[in-house]
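Residue-level structure breakdown
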Amino acid sequence: MKNSLLVLAAMAIAPLAAMAAPSTTDTVKVVKNPGNVIITEDSTGMKLTIEGSDGNPQYRYVYRSDRNDGVREHTTQAEGDFALRLPFTKTDTVKRGRVRWDMFFGGVYVGWGHAIARGDNAAGDLDRALGHQSEIGVLNLIGLEMRTRCGFGMSLGFGFEARHFNLHNGTCFVKGDDGYLRITDKNEAWNKAKSSLTVTSLQFPLLLRQRVYRELKVMAGGVMDLNLWATAKNSYTQGDVDYNEAIKKIHQRRVTFDVIAGIGVGDFGVYFRYRPQNVLKDGCGPQFRNWSLGIMLAF
């Protein structure tokens, strides 16, 4: 009887001792400076959601404790931004199985390239005259982007651009009697002569983007240009007088289409752009197109 009482006492004390013993804990997750911490509870269990962390406003972490199945953990790293966002942009993360739509600003670029002759059209020796080309613009002054959880995005935007073409080897632009632009040798009396053509455009890019690894991204797509203004200009000195001659109404193509591709890390990238169509309308002056390489911010 005495032994039976000792056994029963030991069985009663054992659970109490287990409860009183210090338990070991494991650190599941440490998030520095969380943005929002949301705790929800329902009949299935409890869920803790963290949105935003130190240095990464797009971070998302979810921890779930189920009542019946024990504890399981699910972590989601939200896709980061492809471009600088406007103040009214939504900043919530992409949910599983869904896409996200955002308004954004991005693609500030400057580039350099070369004009390519395409038949002289009685406009002089184009290969000898055509020189380097420069450009500056914003691909997406305002854009609408669709993004998915796998890092893929597609956007349609509106921007602007200015291109500047220079002539070399003592050549200049003139306007013929037919009203069309021509390239000819400059007047021998001109000193410090420079001749150029500037095209100012609105542009509408349709771009595809893919995040490759962390902040490494690639981009490719097409751009429709609405070429609003085009002016040829000759600047020179004759005697002691400086002259600036502007030639307008030079019959530029109103609508052209380009292709563009680039690669970037974070908000910095490089791009290549090719314009297969001539700057001027067929039969209205020297026929040339161009390509360019450049750098881009808010990639």
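Residues numbered from 1 in each chain as written. Predicted model: local features only at pLDDT ≥ 70, side-chain atom pairs only at ≥ 80, totals over all residues. Heavy atoms only, no water.

Here we come to empty space enclosed by the protein. In total, this model carries one cavity of 30 Å³ or more according to the counting rule given. Each pocket or cavity is described by its volume, and for the largest cavity that value is around 40 Å³. Residue lining of the largest cavity: Arg 163, Asp 225, Thr 256, Asp 258, Arg 275, Gln 277, Asn 278, Val 279 and Asn 290, and that is the complete set. Of the residues that constitute the lining of the largest cavity, the class distribution is one nonpolar, four polar and four charged. (1 Å grid on protein atoms, 1.4 Å probe; cavity = no way out; pocket = protein on both sides within 12 Å on 5 of 7 lines; lining within 4 Å. Points joined across faces, edges and corners; volume = space filled by probe spheres on them. Nonpolar A, V, L, I, M, F, W, Y, C, P; charged D, E, K, R; others polar.)

Moving residue by residue along a regular strand, the side chains alternate between the two faces of the sheet. In terms of strand pairing, strand E5 (residues 100-117) meets strand E6 (residues 130-147) through 13 bridges, oriented antiparallel. In the strand pairing of E6, Val 108 is matched with Val 138. Judged from the 13 bridges that link them, E6 and strand E7 (residues 152-167) form a sheet pairing that is antiparallel. Residue pairing across strands places Ser 134 opposite His 164, the latter belonging to E7. (Pairing = 2+ DSSP bridges. Helix = DSSP H or I, 4+ residues; strand = E, 2+ residues; numbered from the N terminus.)

Another aspect to go through is the pattern of salt bridges. Pairs can form between side chains of opposite charge once their charged atoms are near each other. A complete count under the given rule lists 16 salt bridges for this structure. Bridged by salt links that share partners, the residues Glu 135, Glu 161, Arg 163, Asp 225, Asp 258, Arg 273 and Arg 275 form one connected network. (Salt bridge = Lys/Arg side-chain N within 4 Å of Asp/Glu carboxyl O.)

What follows is about a nonpolar patch on the surface. Where nonpolar side chains cluster on the molecular surface, the patch consists of Val 108, Trp 112, Val 212, Tyr 213, Val 218, Ile 263, Phe 268, Val 270, Ile 295 and Leu 297 and spans about 900 Å² of accessible area. Those elements giving two or more residues to the nonpolar patch turn out to be E5, strand E10 (191-213), strand E14 (268-275) and strand E15 (288-297). Topologically, Tyr 213 is positioned in strand E10. (Patch = residues over 30% accessible without salt bridge, like charges linked within 9 Å, V, L, I, M, F, W, Y side chains within 5 Å. Areas by Shrake-Rupley, 256 points an atom, 1.4 Å probe, with all protein chains shown as cover.)

Moving on, we get to the side chain of Asp 225. Tracing the backbone shows Asp 225 in strand E11 (residues 216-238). Residue class for Asp 225 comes out buried when judged on its relative accessible area of 1%. A distance of 3.3 Å separates the side chain of Asp 225 from the side chain of Arg 273, its partner in a polar contact. Ignoring anything within four residues of it in the chain, the contact list for Asp 225 reads Ser 201, Leu 202, Gln 203, Arg 254, Val 255, Thr 256, Asp 258, Arg 273 and Arg 275. (Buried < 20%, exposed > 50% of the residue type's maximum accessible area, 1.4 Å probe, protein only. Polar contact = N/O pair within 3.5 Å; in protein donor to acceptor, adjacent residues only side chain to side chain. Contact = heavy atoms within 4.5 Å.)

This part is about the packing of aromatic side chains. For the structure shown, the criterion picks out five aromatic pairs. With a centroid separation of 5.4 Å and an interplanar angle of 75 degrees, the aromatic rings of Tyr 109 and Tyr 271 are classed as edge-to-face. In this pair, Tyr 109 is assigned in strand E5 and Tyr 271 in strand E14, connecting sequence segments 162 residues apart. Aromatic side chains Trp 190 and Tyr 236 sit 3.9 Å apart centroid to centroid with 10 degrees between the ring planes, which places their arrangement in the stacked category. Of this pair, Trp 190 sits in the loop between strand E9 (181-185) and E10 while Tyr 236 sits in strand E11, placing them 46 residues apart in sequence. Exposure remark for Tyr 236: the relative accessible area of 6% places this residue in the buried category. Cation over ring: Arg 209 sits above Phe 299, and NZ or CZ is 5.9 Å from the ring centre. (Phe/Tyr/Trp six-rings, centres within 6.5 Å; stacked < 30°, edge-to-face > 60°. Lys NZ or Arg CZ within 6 Å of the ring centre and 35° of its normal.)

Next up on the list: unusual backbone geometry. Here Lys 192, not a glycine, exhibits a phi torsion of approximately 50 degrees, which is positive. Turning to its location among the elements, Lys 192 is positioned in strand E10. By relative accessible area, which is 75% here, Lys 192 ends up exposed. One non-glycine residue, Ala 298, lies in the positive phi region at around 50 degrees.

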